[in-house]
Amino acid sequence: ADPGGETNFGISKRAYPHLNIKNLTQDDAKKIYHSDYWLRAGCDSMEWPLCLVHLDAAVQHGVSRAIDFKGKSNGWFDYIFLRIAFYNSINKTIFLRGWINRMIELYRVCRTGQEIT
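Residues numbered from 1 in each chain as written. Predicted model: local features only at pLDDT ≥ 70, side-chain atom pairs only at ≥ 80, totals over all residues. Heavy atoms only, no water.

Participant: I tried to follow the nonpolar core on my own but got confused; where do I start?
Facilitator: Most often, soluble globular proteins have nonpolar side chains that are buried together. Ranked by size, the top nonpolar core spans 29 residues in total, and within it Ile11, Tyr37, Tyr79 and Leu106 carry the most contacts. Residue assignment for this core shows that the elements contributing at least two residues are helix 1 (26–39), helix 2 (50–61), helix 3 (63–72), helix 4 (76–89) and helix 5 (93–112). Top contributing element to this core by residue count: helix 2, with 7 residues. Once you skip the residues sitting within four places of it in the chain, Tyr37 turns out to touch Tyr16, Ile32, Cys43, Leu55, Ala58, Val59 and Val63. (Core = buried A, V, L, I, M, F, W, Y, C linked by side-chain atoms within 4.5 Å. Buried < 20%, exposed > 50% of the residue type's maximum accessible area, 1.4 Å probe, protein only. Helix = DSSP H or I, 4+ residues; strand = E, 2+ residues; numbered from the N terminus. Contact = heavy atoms within 4.5 Å.)

What follows is the structure, given as structure tokens:
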């Protein structure tokens, strides 16, 4: 049911139709995340943990929507709740539990500084 189709290291065929997703290396994925999400979304100019929340939003929702969320938020904590409200507005209940779990994990990492599990 995922509209992204084939995915490797979180990189989808839908977003990168020109790539051989099956043979994508971890280094290739890191380069994509850095150039297409971290830099394009302006994460390099943000403080921790806002930069992480913004990067995660850029990857999941696209850079434009992430920039919109950031503009409406009052810090990383509020940003997470804006995303939860957005998920709740989408008619894809099959994914809702996973999206909420993603936000809980993101909150835990931001609050404690622990690694993402």
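That was the structure; now back to the text.
Participant: Please explain the environment of Ala29 as it appears in this structure.
Facilitator: For Ala29, the position within the fold is in helix 1. Relative accessible area serves as the criterion here: at 2%, Ala29 is assigned to the buried category. Distance from Ala29 to Asn8, taken between C-alpha atoms, is 8.3 Å for residues 21 residues apart in sequence. Ignoring any residue separated from it by four or fewer positions in sequence, one finds Ala29 in contact with Phe9, Ile11 and Leu24.

Participant: Help me understand the packing of aromatic side chains, please; the structure alone is not making it clear to me.
Facilitator: The description of an aromatic ring pair rests on the distance of the ring centres and on the angle between the ring planes. Here the structure, examined in full by the defined rule, presents 10 aromatic pairs. When the ring of Phe69 is compared with that of Phe86, the centres are 5.5 Å apart and the planes differ by 75 degrees; the resulting orientation is edge-to-face. Linking Phe69 in helix 3 with Phe86 in helix 4, this pair joins segments that are 17 residues apart in sequence. With respect to class, Phe69 is no different from Phe86; both count as buried. Pairing Phe77 with Tyr107 gives two aromatic rings, centres 5.8 Å apart and planes at 65 degrees, and the pair type is edge-to-face. Residue Phe77 is found in helix 4, and its partner Tyr107 is found in helix 5; the two are separated by 30 residues along the sequence. For Tyr107, a relative accessible area of 30% gives the class partly exposed. By way of ring pairs, the aromatic residues Phe69, Tyr79, Phe86, Tyr87, Phe95 and Trp99 are connected into one cluster. (Phe/Tyr/Trp six-rings, centres within 6.5 Å; stacked < 30°, edge-to-face > 60°.)

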